[in-house]
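One letter stands for each residue in the lines below.
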Amino acid sequence: MISQLAGAVVRAIVVLVVISTPSLLIPGTSLETTQIVTLIGLFAGIFTFSEYASTYPGLIEFRDAPPYNRVRVISLFVTLFLLSVVVSSADSASTMSLVVNATGLVIGKAMDFPFSPLSLFVAQLPPDTDIQLVLQLQIMAGLSALIGLLTLSIFAILVRLQQWPNRQSAFNVWVNLPTFDPTTGGDVVTRLMRDSRINILLGFLLPYFMPVILRIGSTHLEMSLVTSQQTMVWMVALWMFFPITVFMRGMAMARVADMITARRKRLIAGFEPEDRFTPA
């Protein structure tokens, strides 16, 4: 119990640090913005603590199947950190900022072709946007895409090598998929595979849809992406983070379906060496 509470506290602090990263790195952040970010970080930290301190399922999926959520949090932190470095380099350049900008520029230029997600993202900017700001946005989008693809590759390798979830511990579908009811709607494997394909498809489509949604939202809220450096950092980071998260969820659900299928085959064959899987 004590170790569980300690882990929940550590996770809450990590979430708070991740959310506060742009405010800590971007110079010229106003006091009001800092207070708002701190408040959001505290709420997120309290939510994370309550989820991991509880023994019952909540809203966080794959809570007991590391390193699924750790990979996502690290990916978001690295993205926010590097994008904040790009924004901060306009005031003070350093060796790290030059390397980061050069890497993002190469990836951004490579992704800037007709009908690409990056070209659609840049097209949502106002026509009179300064060319330097457009270039900075391309660099940030390139970095975000690179980190997202690396994150997806790392998780795919873990799943491919069958090291996720950990075979040395029991996997409870109810705890790790709290919003998925395995007792309704037909065969659980069929439903898991269907949801997996839907999530993977959404992972492909979201990079195209999110710029349009962002443009509609900014029009109704009468705000622009380029008015605030922190807003730009968060929007570019979430533009790739959400699709990668949805894609990872699809891969994870397919893996769970494979585990259930394999266990059924062992039961049919009359051989179950050890009960390491708890379907509910």
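See the structure printed just above.
All values derive from a computational prediction rather than experimental measurement.

Reading the values: rules and limits
Residues numbered from 1 in each chain as written. Predicted model: local features only at pLDDT ≥ 70, side-chain atom pairs only at ≥ 80, totals over all residues. Heavy atoms only, no water. Phe/Tyr/Trp six-rings, centres within 6.5 Å; stacked < 30°, edge-to-face > 60°. Buried < 20%, exposed > 50% of the residue type's maximum accessible area, 1.4 Å probe, protein only. Helix = DSSP H or I, 4+ residues; strand = E, 2+ residues; numbered from the N terminus. Salt bridge = Lys/Arg side-chain N within 4 Å of Asp/Glu carboxyl O.

Asks: Looking at this structure, how should I read the packing of aromatic side chains?
Replies: For any two aromatic rings, the description comes down to two numbers: the centre-to-centre distance and the angle of the planes. A complete count under the given rule lists nine aromatic pairs for this structure. Ring centres 4.7 Å apart and planes at 50° place the aromatic pair Phe-62 and Tyr-68 in the tilted group. By the burial criterion, Phe-62 is buried, and Tyr-68 matches it. Geometrically, the ring pair formed by Phe-62 and Trp-164 is edge-to-face, given 5.3 Å between the ring centres and 65° between the ring planes. Highlighted residues: Phe-62 in the loop between helix H2 (31–53) and helix H3 (68–88) and Trp-164 in the loop between helix H6 (131–160) and strand E1 (171–172), separated in sequence by 102 residues. Looking at Phe-62, the relative accessible area reads 1%, which means it is buried. For Trp-164, a relative accessible area of 0% gives the class buried. Among the aromatic residues, those joined into a cluster by ring pairs are Phe-62, Tyr-68, Phe-155 and Trp-164.

Asks: What am I meant to see in the pattern of salt bridges here?
Replies: Two side chains with opposite charge may pair up if their charged atoms get near one another. With the rule as written, the count across this model stands at four salt bridges. Residue Asp-64 is joined to Arg-63 by a salt bridge in which the shortest nitrogen-to-oxygen separation is 3.9 Å. Between Arg-264 and Asp-187 there is a salt bridge, and its shortest N-O distance comes to 3.0 Å. In this pair, Arg-264 sits in helix H9 (residues 229–268) while Asp-187 sits in the loop between helix H7 (173–176) and helix H8 (188–221), placing the two residues 77 residues apart along the sequence.

Any functional reading would require information beyond the geometric quantities listed.
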